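Fold and geometry: a report
Next come the chains, spelled out residue by residue.
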Amino acid sequence: MSVLARLVKSSLGKKYLMAITGIGLFIFVIGHLLGNLQIFLGPEAINKYGHFLQSTPEILWPSRIGLLALVTVHIVAGLALAIENRQARGQSYDVKRVVDASMASRTMVLSGCVIFSFVAFHLAHYTLMTIHPEYRNLQDAQGRHDIYRMMVFGFRNPAVSVFYILSIGLLCWHLSHGVGAMFQSLGLKDEEYAACIDRFAQVAAVFIFLGYTSIPVSVLAGMIK
Ligand code: HEM
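Bear in mind the structure is a predicted one, so any value in this text is a computation, not a measurement.

1. Brief notes about the coordination of the iron atom of the ligand
- Coordination sphere of the iron atom of the ligand, protein contribution only: His32 (NE2) and His122 (NE2), at 1.9 to 2.0 Å.
- One way to put it: the six donor atoms around the iron atom of the ligand meet at angles of 87 to 179°, and that makes the site octahedral. Residue histidine 32 is found in helix α2 (residues 11–36), and its partner histidine 122 is found in helix α6 (residues 106–127); the two are separated by 90 residues along the sequence.

Put into structure tokens, the structure is as follows:
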């Protein structure tokens, strides 16, 4: 068996895969947030940014393919670890303890599944625009896709905004546990820094929550229109 196959088969290897893909996804979540926050600078800034991404396939497509690969590996490794954990429950305490310490808890699997459903909805909402095909025709004065107005129209619907806020809350809850687990899996969470890493994870999760939810909240409050 090759080293790679053995790595993928072992619990430790899957933990590494979860941690490495988790770091990639965490970086995406921060980058996407910074991009989206440009809505507060007005239509020109966010539409220019969106147009730049859409008209630069050499950035867009490698990012999309990379993101898809990260999500796929993260989910497959996470589910495989969850199944191993379940099987270990029937075994001796020692085995159970090792597997428990090396994987995300059952609630992480559940929150991960809900986040996946949210992202599927979100792609249909704002990227593919299959939920509102009329969003495809929104153009600004420069003939660019009017992402600003698309977001305003989207979040004016309170049900949609509440769904986003709850899903982002769940994502941040997932991150507040997951970021610490990433450090642990990579062997970077020794006792000296453990409390500091957990605090960092919680603070980052709160900032990410406030950053993302500020957009639907501002639209609903009429501050972005
Ligand atoms: C208020 C919160 C959010 C807003 C306003 C927002 C906005 C957008 C917009 C406008 C697009 C379409 C970009 C385009 O095609 O030009 C998009 C794409 C995307 N968003 Fe979000 N987003 C939010 C939250 C999130 C979260 C929390 C995640 C991940 C967990 C996420 C993941 C994605 C992904 C994967 C894409 C597809 C990127 C691509 O086109 O390749 N978004 N988002």
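2. Comments concerning the packing of aromatic side chains
- This structure, assessed with the given rule, holds seven aromatic pairs.
- Judged by centre distance (5.2 Å) and plane angle (90°), the ring pair of phenylalanine 121 and phenylalanine 163 falls under edge-to-face. A residue pair is termed long-range when its members are at least 10 positions apart, and phenylalanine 121 in helix α6 and phenylalanine 163 in helix α8 (residues 158–185) qualify at 42 residues.
- Between phenylalanine 121 and tyrosine 164, the aromatic rings sit 6.3 Å apart at their centres with planes inclined by 70°, giving edge-to-face as the arrangement. Placement of phenylalanine 121 in helix α6 and of tyrosine 164 in helix α8 is noted, with a sequence separation of 43 residues between them.
- Residue classification places phenylalanine 121 among the partly exposed positions, given a relative accessible area of 26%.
- A relative accessible area of 3% places tyrosine 164 in the buried class.
- Put simply, the rings of Phe118, Phe121, Tyr126, Phe155, Phe163 and Tyr164 pair up and form one aromatic cluster.
- Positioned above the aromatic ring of tryptophan 61 is the side chain of arginine 64, whose terminal nitrogen or guanidinium carbon lies 4.7 Å from the ring centre.

Procedures and definitions
- Residues numbered from 1 in each chain as written.
- Predicted model: local features only at pLDDT ≥ 70, side-chain atom pairs only at ≥ 80, totals over all residues.
- Heavy atoms only, no water.
- Donors = N, O, S within 2.8 Å, 3.2 Å for Na, K, Ca; no water.
- Tetrahedral: all angles 85-135°; square planar, octahedral: opposite > 155°, others 65-115°.
- Helix = DSSP H or I, 4+ residues; strand = E, 2+ residues; numbered from the N terminus.
- Phe/Tyr/Trp six-rings, centres within 6.5 Å; stacked < 30°, edge-to-face > 60°.
- Buried < 20%, exposed > 50% of the residue type's maximum accessible area, 1.4 Å probe, protein only.
- Lys NZ or Arg CZ within 6 Å of the ring centre and 35° of its normal.

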